[in-house]
Amino acid sequence: MNSASPSGPTTDWIRVIEEGGGFPRVDLDTFRRLIEKTQNYRFFQVLRKHVKLDDAVLEAGCGWAVSSFALAREGIHVVALDISDKLIQDLQNIQNQWGEDANNSLELLVGDLFKLDELGRQFDCIFSDGTYQHFLRPEERKEILENLHRRLRHKGKLIVAVQNMKNPFFKIVVGSKMPPMQTFGLKSLRQELERGRFEVIEDGCAFVNAGFEQWLKARWLAWPVNAVNQIFERLPRLAQSLFAAHIYCVARKR
Ligand SMILES: C[S@@+](CC[C@H](N)C(=O)[O-])C[C@H]1O[C@@H](n2cnc3c(N)ncnc32)[C@H](O)[C@@H]1O
């Protein structure tokens, strides 16, 4: 797929990644640890619950693609797509060193959310974790949703997580290299997906994903964040929704 895109958020991301400000190259052992950590991430657990072994899955705007690697390791066929050539090349290097059969299940592609039709195939499930909210203009998000809708099979599932900018600690903890984000609550995320001809069948909140530490303002902040991560699942529902790092919706194509 062609990697040229006129969109501002996309250009910001390419710059951040190429300057080494996000998704730096990691070694195989570090990557294996990220994949083990992702098993405890609620969004991944929700994804795992909804994806069947014979599903064709697309991760749209994959970043480090940790969830995609974790699904592929189980033999689930996943296409992980990102706009950054550099990132996809780094991930292909990791994949080449992987040396397990599950490797055959993962396709890493350079591609653009605005040109998804170029993929020319359809999926049973599309997921996206922390990408959708970077598109600040409603017409861009509408276009992305239309593209995802067309790439899904009949009754296919779209599983989307966005950062919870309503968390009072978010801006204190996350550094400025992360490009700007639209603020969503569960209600506004649901409404936007419903307007895009999806039926929301589940929603909820999650704490941090496996690769969160790279986005912190200071390294020491990893300690309190990891401490909350340990107890997050035991917090009352109200506290979870307040302190969530991500909110998510599972939706079915109408
Ligand atoms: C916050 S990251 C995703 C995080 C990832 N899920 C993770 O946990 O590592 C957003 C990603 O969207 C990608 N992206 C931005 N614009 C895009 C576009 N137009 N098409 C495809 N990917 C895009 C960026 O390159 C970046 O890797």
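How each quantity is defined
- Residues numbered from 1 in each chain as written.
- Predicted model: local features only at pLDDT ≥ 70, side-chain atom pairs only at ≥ 80, totals over all residues.
- Near = placed C-beta within 6 Å.
- Helix = DSSP H or I, 4+ residues; strand = E, 2+ residues; numbered from the N terminus.
- Nonpolar A, V, L, I, M, F, W, Y, C, P; charged D, E, K, R; others polar.
- Core = buried A, V, L, I, M, F, W, Y, C linked by C-beta atoms within 7 Å.
- Buried ≥ 20, exposed ≤ 12 C-beta atoms within 10 Å, placed from the backbone.
- Contact = placed C-beta atoms within 7 Å.
- Axes fitted to C-alpha atoms, helices over the stretch in contact; angles between N-to-C directions.
- Parallel < 35°, antiparallel > 145°, perpendicular 65-115°, else oblique.
- Pairing = 2+ DSSP bridges.

Draft legend 1. Expanded view of the site of the ligand. Close to the ligand lie 23 residues, the nearest being Thr10, Trp13, Gly61, Gly63 and Ile83. It is helix 1 (residues 8–18) that provides the largest number of residues to the shell around the ligand, a total of four residues. Its residues assigned to classes, the shell around the ligand shows ten nonpolar, ten polar and three charged.

Draft legend 2. Spotlight on the nonpolar core. Ranked by size, the top nonpolar core spans 65 residues in total, and within it Ile126, Ile159, Ala206 and Tyr248 carry the most contacts. Looking at this core element by element, the count peaks at six residues for strand 5 (residues 152–163). Residues contacting Tyr248, with those up to four places away along its chain left out, are Phe43, Val46, Ile159, Val160, Ala161, Asp203, Gly204 and Ala206.

Draft legend 3. Highlighting the packing of helix 2 (residues 28–38) against helix 4 (residues 66–73). Two numbers describe how helix 2 lies on helix 4: the axes approach to 9 Å, and their chain directions differ by 80 degrees. As summarised for this structure, helix 2 and helix 4 are arranged roughly perpendicular, according to the angle between their axes. Facing Leu34, Ile35 and Thr38 of helix 2, the residues of helix 4 in contact are Val66, Ser67, Phe69, Ala70 and Arg73. Among the residues making up the contact of helix 2 with helix 4, the classes are represented as five nonpolar, two polar and one charged.

Draft legend 4. Structural context of the pairing of strand 7 (residues 246–253). Where burial is concerned, most of strand 7 is hidden: six out of the eight residues are buried. Bridge count between strand 5 and strand 7: seven bridges; the pairing is antiparallel. Bridge pairing in strand 7 places Gln163 opposite His246. Where strand 6 (residues 198–206) and strand 7 come together, eight bridges link them in antiparallel fashion. Bridge assignment links Glu199 to a residue of strand 7, and that residue is Arg252.

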